[in-house]
Amino acid sequence: MKKFLLILLLPLVVFANDYKSHFFAGGIVAFSKVDAFISGDAYVPGVEGAWDYNQADYAGNGNVHIYGGWEFRPLSWFSLSPAIGAERNGWSWDHSGHKGCMSYFNPYIRLGVGFHIMNVFMEVAGTYGFPIYFWGELDGESTTEDMSQENAWSSMGMFSIGYTIKEHYRVGLTMGENYLESKLDGRMTQLHVEMMGLFLTYLF
């Protein structure tokens with residue numbers, strides 16, 4: 001009976017041992033590479049539901065994230081961090097005498113699992129978002145005045161490693177991969193984005 005009661009009380013003991021849980025807010029500045037898959041004008045003949053895709057690799061034109069949430073740290077070495085965030089990114093090109101760019105805004109929800117060794121911090125996180133394309137340009141002229149789109153989804157996996165300074169500042173390196181899918185001007189668009197950059201988080 002005593003063992004049964006201890007099992008029931010274990011969650012309460014864990015919550016009672018709450019170790020410095022707090023709100024946090026921060027940002028990421030990263031370099032990114034974008035692989036774009038944009039459908040052609042027709043389906044692939046004989047293959048139901050398959051688009052004829054045009055593929056190209058582009059340099060990212062500014063990958064910036066902001067986020068905020070709650071770090072629940074029941075143990076000194078472990079934390080869970082639900083958060084909301086937003087990403088601004090895009091891609092640029094200079095091919096065959098033409099220059100252009102496209103930008104998107106990607107609000108998302110985020111969940112991180114963190115591990116703490118002294119002041120060293122490691123985290124694996126995943127996000128789910130809804131990308132919104134808001135700016136395009138080709139040879140200096142806007143391509144988004146009459147742009148139609150259907151938002152779909154984005155999914156990102158991230159790994160971060162950093163260091164906590166004076167209990168309030170956490171800085172380090174982050175890397176991740178992001179997949180986005182939507183319809184842009186009636187064409188199915190899929191993006192695979194690889195990113196690497198620096199993060200700074202303030203712990204309240």
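Every chain is numbered on its own, with residues counted from 1 as its sequence reads. Only residues with pLDDT of at least 70 are given local features in this predicted model, and only at 80 or more are side-chain atom pairs given and counted; all residues enter the totals for whole chains, interfaces and linings. Only heavy atoms go into the side-chain values, all of them from the structure, while hydrogens and water stay out.

Peer 1: Please give an account of the overall build of the protein that cites residues and values.
Peer 2: Helix and strand counts for the protein come out as one helix and 11 strands. Taken over 204 residues, the protein has a buried fraction of 38%. Across the protein, every contact between residues at least 6 apart in sequence was considered, and the portion connecting residues at least 24 apart equals 63%. Note on areas: Shrake-Rupley with a 1.4 Å probe; residue coverage comes only from the protein chains shown. For the protein, the exposed surface amounts to about 11800 Å²; the carbon and sulfur share of it is 66%. By definition, any uninterrupted DSSP run of H or I lasting at least four residues is a helix, any uninterrupted run of E lasting at least two residues is a strand, and each is numbered from the N terminus. Buried means the residue's accessible area, taken with a 1.4 Å probe over protein chains only, is under 20% of the maximum for its type, while exposed means over 50%, and partly exposed covers the values in between. In this analysis, two residues are considered to be in contact whenever any of their non-hydrogen atoms come within 4.5 Å of each other.

Peer 1: Tell me about the nonpolar core, and name the residues and values.
Peer 2: Nonpolar core, defined: a set of buried Ala, Val, Leu, Ile, Met, Phe, Trp, Tyr and Cys residues in which side-chain atoms within 4.5 Å join the residues together. Counting residues in each nonpolar core, the largest one holds 12 residues, listed as Phe-24, Ile-28, Ala-30, Tyr-67, Ala-83, Tyr-108, Phe-121, Met-156, Met-158, Met-195, Phe-199 and Leu-203. At the level of elements, strand S1 (22–43), strand S9 (149–165) and strand S11 (187–203) are the ones that each hand at least two residues to this core. In contact with Tyr-67, not counting residues within four places along its chain, are Phe-24, Ala-25, Gly-26, Gly-27, Ile-28, Ile-84, Gly-85, Phe-199, Leu-200 and Thr-201. With 10 residues, the next largest nonpolar core counts Ala-36, Trp-91, Tyr-104 and Tyr-133 among its residues.

Peer 1: Report on the confidence of the model for the protein, specifying residues and quantitative values.
Peer 2: Per-residue confidence from the predictor is reported as pLDDT, which spans 0 to 100. Taken as a whole, the protein shows an average pLDDT of 82; of its residues, 76% reach a score of 70 or greater. At the level of individual helices and strands, the protein shows its lowest average pLDDT in helix H1 (residues 2–16), which scores 53, and its highest in strand S6 (residues 120–129), which scores 97. Counting interchain partners and residues more than four positions distant, the pLDDT-below-50 stretch residues 12–16 has two contacts. Segment residues 42–50: pLDDT under 50, and eight contacts once partners within four positions in sequence are set aside and those in other chains are kept.

Peer 1: Describe the packing of aromatic side chains, and please don't skip the residues or the numbers.
Peer 2: The pairing test for Phe, Tyr and Trp rings, Trp by its six-membered ring, is centres within 6.5 Å, and the orientation test on the planes gives stacked under 30 degrees, edge-to-face over 60, and tilted for anything in between. The full count for this structure, using the stated rule, is 10 aromatic pairs. Note on Tyr-128 and Phe-130: the rings are 5.6 Å apart at their centroids and 90° apart in plane angle, and the pair reads as edge-to-face. With 5.0 Å between their ring centres and 85° between their planes, Tyr-202 and Phe-204 make a pair best called edge-to-face. Three or more aromatic residues joined by ring pairs form one cluster here, namely Tyr-58, Trp-91, Tyr-104 and Tyr-133. Arg-170 extends its terminal NZ or CZ atom over the ring of Phe-121, reaching a point 4.1 Å from the ring centre. Look at NZ for Lys and CZ for Arg. If either is within 6 Å of the ring centre and within 35 degrees of the ring normal, a charge sits over the ring.

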